[in-house]
Amino acid sequence: MREYDEYQKFLRYKYGYHSFVILFSLLAINHFVDYQWAYSKENEIQILVWVTSIYFVVRLTFSGAYFGKRDNPLLANLFVSVPGLLYLSDYLTGHSVLFENGRLAAGSIWFFIALFWLSIPLTYAIRTVVDKLRERKEDVRTKSR
Amino acid sequence: MTKNMRLKAERAKWGMSQQDLADAVDVTRQTISAIERGDYNPTINLCIRICRTLDVTLNDLFWEENEDEGI
């Protein structure tokens, strides 16, 4: 079981609540919009759930609340990259299609699942770079005093 | 919320990085950063752990003097 500190728990509740509100809003809008943009209505709902999940994990990873205190982020990122890349390769090699007849295809859900898994290591990499730049700036400021 | 510069100053006095302090009080570096930026108000338990690590009192780090209030 992952251990999260109090600030991480606070962020997880906060972004979880945001995600709930976003998902609810998207589903409500989708319900009233009279336009089918995916293979079926059920497909649309699934995609909206995955899009909201991507938002949730990106916010958590960027704010440092996705990985627990004792987790090894590098190993975890490697682990989640594998299914992400596998699912994405289907689309890159042309085995699966994203769009069909101007709508998202039935199998397009796997694209969003790939994005979900890949968003974690990508966001973590960006966050690491931002942290290092901030630390360097802080070091320069401290030394100049 | 206002920044907690006293925490940063006290940490620097001990030559500790945010990661060092975070490890000492069993939280993540982002938590210490959020407290110093004023983005998060820690619980009393965490405040006590930080004060014990830096060998200061709660007043020294977390009391906010408000000139308008008469106590």
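This section reports on the structure supplied with the text. Fair warning: this is a prediction, and the values are worked out from it, not measured in the lab.

### Some thoughts on the overall build of chain A
And step 1. When you go through chain A residue by residue, the secondary structure sums to 4 helices and 2 strands.
And step 2. If you list the helices and strands of chain A from N to C, you get α-α-α-β-β-α.
And step 3. At 19 Å, chain A has a C-alpha radius of gyration far larger than the 15 Å of a compact globule built from 145 residues.
And step 4. Here the C-alpha coordinates of chain A stretch approximately 65 × 35 × 35 Å along the principal axes.

### Looking at helix α3 (residues 29–37) of chain B
Residues and elements named next belong to chain B.
And step 1. For α3, the tally of buried residues reaches 8 of 9 residues, placing the bulk of the element in the interior.
And step 2. Of the residues making up α3, those classed as buried are Arg29, Gln30, Thr31, Ile32, Ser33, Ala34, Ile35 and Glu36.
And step 3. Count one or two residues on from α3 and you reach glycine 38, which has phi positive near 85°.

### With respect to the interface of chain A and chain B
And step 1. The interface of chain A with chain B comprises 12 residues on the first partner and 13 residues on the second.
And step 2. With both sides pooled, the region where chain A packs onto chain B buries about 1100 Å², and carbon together with sulfur makes up 44% of that total.
And step 3. For the pair chain A and chain B, the number of links is 3 salt bridges.
And step 4. A salt bridge links aspartate 26 of chain B to lysine 69 of chain A; the nearest nitrogen and oxygen atoms lie 3.4 Å apart.
And step 5. Summed over the shared surface of chain A and chain B, the result is 7 residue pairs in polar contact (both at pLDDT 80 or more).

### Section: the state of the cysteines
Residues and elements named next belong to chain B.
And step 1. On inspection of all chains with the given rule, the structure shows 0 disulfides over all chains.
And step 2. Counting only cysteine sulfurs, cysteine 51 is the nearest neighbor of cysteine 47, a cysteine outside any disulfide, at a range of 6.5 Å.
And step 3. Given the relative accessible area of 4%, cysteine 51 is considered buried.

### Quick notes on helix α2 (residues 41–63) of chain A
Residue and element names in this part refer to chain A.
And step 1. Look at α2: 33 Å from first C-alpha to last across 23 residues, which is about the 33 Å you get at 1.5 Å a residue.
And step 2. Considered for burial, the residues of α2 that qualify are Asn43, Glu44, Ile47, Leu48, Thr52, Ile54, Val57, Leu60, Thr61 and Ser63.
And step 3. Positive backbone phi, at 80°, marks glycine 64, one or two positions downstream of α2.

### A look at the packing of helix α2 (residues 18–25) of chain B against α3 of chain B
Residue and element names in this part refer to chain B.
And step 1. Taken N-terminus to C-terminus, the directions of α2 and α3 make an angle of 110°; their axes are 8 Å apart at the nearest point. Comparing the axis directions of α2 and α3 gives the class roughly perpendicular. In this structure, α2 contributes Gln18, Gln19, Leu21, Ala22 and Val25 to the contact, and α3 contributes Arg29, Ile32, Ser33 and Glu36.
And step 2. Looking at the contact of α2 with α3 residue by residue, the classes come out as 4 nonpolar, 3 polar and 2 charged.

### Things to note about the pattern of salt bridges
And step 1. Applying the stated criterion across every chain, the model contains 10 salt bridges over all chains.
And step 2. Here arginine 127 of chain A and aspartate 131 of chain A are joined by a salt bridge, their closest N and O atoms 3.0 Å apart. Placement of both arginine 127 of chain A and aspartate 131 of chain A in helix α4 (residues 109–144) is noted, with a separation of 4 residues, approximately one turn of the helix. Pair check on accessibility: arginine 127 of chain A and aspartate 131 of chain A agree, each one buried.
And step 3. Each of Glu3, Lys69 and Arg70 of chain A together with Asp26 of chain B takes part in salt bridges that share partners, so that together they form one network.

Cut-off values and rules
Residues numbered from 1 in each chain as written. Chains lettered and ligands numbered in written order. Predicted model: local features only at pLDDT ≥ 70, side-chain atom pairs only at ≥ 80, totals over all residues. Heavy atoms only, no water. Helix = DSSP H or I, 4+ residues; strand = E, 2+ residues; numbered from the N terminus. Rg over C-alpha atoms; globule rule 2.2 N^0.38 Å. Buried < 20%, exposed > 50% of the residue type's maximum accessible area, 1.4 Å probe, protein only. Contact = heavy atoms within 4.5 Å. Buried area = accessible area lost by both parts, 1.4 Å probe. Salt bridge = Lys/Arg side-chain N within 4 Å of Asp/Glu carboxyl O. Polar contact = N/O pair within 3.5 Å; in protein donor to acceptor, adjacent residues only side chain to side chain. Disulfide = S-S within 2.5 Å. Expected span 1.5 Å × (residues − 1). Axes fitted to C-alpha atoms, helices over the stretch in contact; angles between N-to-C directions. Parallel < 35°, antiparallel > 145°, perpendicular 65-115°, else oblique. Nonpolar A, V, L, I, M, F, W, Y, C, P; charged D, E, K, R; others polar.

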